[in-house]
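# Fold and contact review
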Amino acid sequence: METFSKIHLPVLLLLACFRSVNCNDDVISTFFAGYDKAVRPDFDKGKPTTIMADLYVESFGNIEEANMEYKVYSYFRQRWTDSRLAGKLNRTLTIKTADIENIWVPDPYCYNARESNMMMPDAEIHSSVSIQPSGDVLYSKGVTVLASCNMDLRSFPHDSQACYLKFGSYSYSTADIVFKWNATDVAVGTEQMAQFEYRGAELSSDIVVFAIGNYSIVTVTFSFKRRVGYYLIQVYFPDMFVVALSWIVFWMDKDDMGNRMALGITTILTIMFLLGSLNGTLPKVSYPKALDWYLLMSFTFVFLSLVECMVVFVLNLSAAEDKEQIKCKVNREVPLSRKISTSIKGAIGINKDKKLSCNKRT
């Protein structure tokens, strides 16, 4: 008896699983019997199908200023009523993956997406369809979108940016499908970002006009405020210290021109390095940013301190020459007794250098 159980138990389990799969297939086949998935709901009535959409954002990816793009990880949900499915079951039916191909679903896509999985088959992404006994259908799909975002960086890094996602049907015009928001706000799971603070979202709907027809769209606009902490640590504070360092030349010996020039040139190169490294990660826009003006003013202060060193050195050198000429002139106009005394001192080697320098100038 024990041997019989060991042999036939796996066979019975396989038969049970096969019967369960067949039952599920029979339910789906019976449910969609006579259903034409190529035809949208209410097509025979001549009125457009209303799609109620809502969006749940799991998190935001990096906002790249250099490429002017940002990434969104979300779930896009669509609701509509298909009267052809009403009354077929007395409970809600949920299908997923390849079984979704048995029902008509909209074909939304993101207008400003650079990369997106919205148009991928349901078997390759997370998606599900729930059909209620009344014929109300809920279609949920996990959506990852890399979208463009036109940024105004004139106030960078004290700027705020508004980035949007625009959804609409690829094939159906307003004569077939009308998109509307099913909510007044967008739920966001994780609002924390490294460089930005999420400020909220605004929902809107519109109709865009193309040469081939009018299309219904829904738009969500996200507002972000840049965090300044990173730039305070990496740019503002180091730049303040560099400018303060350039002021040391005002306390150095005015005749020590070599060290004063070396310090001034070093501080100038440091500010130029800060300016270049910062703009290396930003788009090459044709207008100056707020941080550019700040660094350029710092560069001006350091450059003027270097100019001050040169002016002081030239004036000091000129003053020394004038002073030497005055001394020589005074020596030529001294009384006879003073000249005799000077001659005696010169004969024994005192004041010899002064005499030679005066003779050279004369």
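Residues numbered from 1 in each chain as written. Predicted model: local features only at pLDDT ≥ 70, side-chain atom pairs only at ≥ 80, totals over all residues. Heavy atoms only, no water.

The name given to the protein chain in an unreviewed UniProt entry is Gamma-aminobutyric acid receptor subunit alpha-4, with the source organism recorded as Desmophyllum pertusum. Quoted verbatim from the Sequence similarities (unreviewed entry) heading of the UniProt record, the comment on the protein chain is "Belongs to the ligand-gated ion channel (TC 1.A.9) family." (UniProt positions renumbered as here; feature names shortened; annotations may be inferred.)

### Looking at a nonpolar patch on the surface
Taken together, the side chains of L232, I233, F237, M240 and F241 present a nonpolar region at the surface, about 520 Å² in accessible area. Locating F237 in the fold gives a position in helix α2 (residues 229-246). F237 gets classed as partly exposed once you look at its relative accessible area, which sits at 40%. (Patch = residues over 30% accessible without salt bridge, like charges linked within 9 Å, V, L, I, M, F, W, Y side chains within 5 Å. Areas by Shrake-Rupley, 256 points an atom, 1.4 Å probe, with all protein chains shown as cover. Salt bridge = Lys/Arg side-chain N within 4 Å of Asp/Glu carboxyl O. Helix = DSSP H or I, 4+ residues; strand = E, 2+ residues; numbered from the N terminus. Buried < 20%, exposed > 50% of the residue type's maximum accessible area, 1.4 Å probe, protein only.)

### A few points about the UniProt feature "transmembrane region" (unreviewed entry) in the protein chain
With numbering matched to this structure, UniProt assigns "transmembrane region" (unreviewed entry) to residues 228-250, 262-282 and 294-317. Between the end C-alpha atoms of residues 262-282 the distance is 31 Å, and the span holds 86% helix and 0% strand. Span residues 294-317 is 100% helix and 0% strand, its end C-alpha atoms 35 Å apart.

### Let's talk about α2
For α2, which comprises 18 residues, the first-to-last C-alpha distance of 25 Å matches the rise-based estimate of 26 Å (1.5 Å per residue) to within 8%. Of all the bends found along α2, the most pronounced is centred on Y236 and spans about 30°, while P238, a proline, follows it within four residues. Residues Y231, V235, Y236, D239, V242, V243 and S246 constitute the buried set of α2. (Expected span 1.5 Å × (residues − 1). Bend = angle between axes of the 7 residues up to and from the residue.)

### Overview of the layout of surface pockets
Of the volumes computed, that of the second largest pocket is approximately 460 Å³. As for the second largest pocket, its lining consists of 22 residues, and the residues nearest its centre are E65, Q195, Y230, Y231 and T281. If you list the elements that add at least two residues to the lining of the second largest pocket, you get β1 (49-64), α2 and α3 (257-279). Per element, the largest residue contribution to the lining of the second largest pocket is five residues, and it comes from β1. Classifying every residue of the lining of the second largest pocket by side-chain character gives 14 nonpolar, six polar and two charged. (1 Å grid on protein atoms, 1.4 Å probe; cavity = no way out; pocket = protein on both sides within 12 Å on 5 of 7 lines; lining within 4 Å. Points joined across faces, edges and corners; volume = space filled by probe spheres on them. Nonpolar A, V, L, I, M, F, W, Y, C, P; charged D, E, K, R; others polar.)

### With respect to the pairing of strand β2 (residues 69-81)
The pairing of β1 with β2 spans ten bridges and is classified as antiparallel. Among the inter-strand pairings, M52 is bridged to a residue of β2, identified as R79. Where β1 folds back on β2, the antiparallel hairpin that results is connected by four residues, among which M68 adopts a positive phi of roughly 50°. In this sheet, strand β7 (residues 136-148) lies alongside β2 in antiparallel orientation, the contact comprising 13 bridges. Bridge pairing links W80 to V137 in β7. (Pairing = 2+ DSSP bridges.)

### A closer look at α3
The end-to-end C-alpha separation of α3 is 33 Å, in line with the 33 Å expected for 23 residues at 1.5 Å each. Of the positions making up α3, those classed as buried are M257, R260, L263, G264, T267, I268, I271, L274 and L278.

### Observations regarding the nonpolar core
Counting 59 residues, the largest nonpolar core has L55, I103, L165 and F222 as the members making the most contacts within it. Ranked by the residues each element gives to this core, the list is headed by β1, at six residues. Counting six residues, the second-largest nonpolar core is a separate cluster that includes V243, I271, V302 and L306. (Core = buried A, V, L, I, M, F, W, Y, C linked by side-chain atoms within 4.5 Å.)

### Things to note about the sheet that holds strand β4 (residues 108-110)
What the four strands build is an open sheet, ordered β4-β8-β12-β11; its pairing is antiparallel. Every interior strand has two partners, whereas the edge strands, β4 and β11 (196-210), have only one. The average angle at which neighbouring strand axes cross in this sheet is 20°, direction not considered. Here β4 pairs with strand β8 (residues 160-169) via three bridges, running antiparallel. Bridging from a neighbouring strand, P108 pairs with S169 of β8. (Axes fitted to C-alpha atoms, helices over the stretch in contact; angles between N-to-C directions.)

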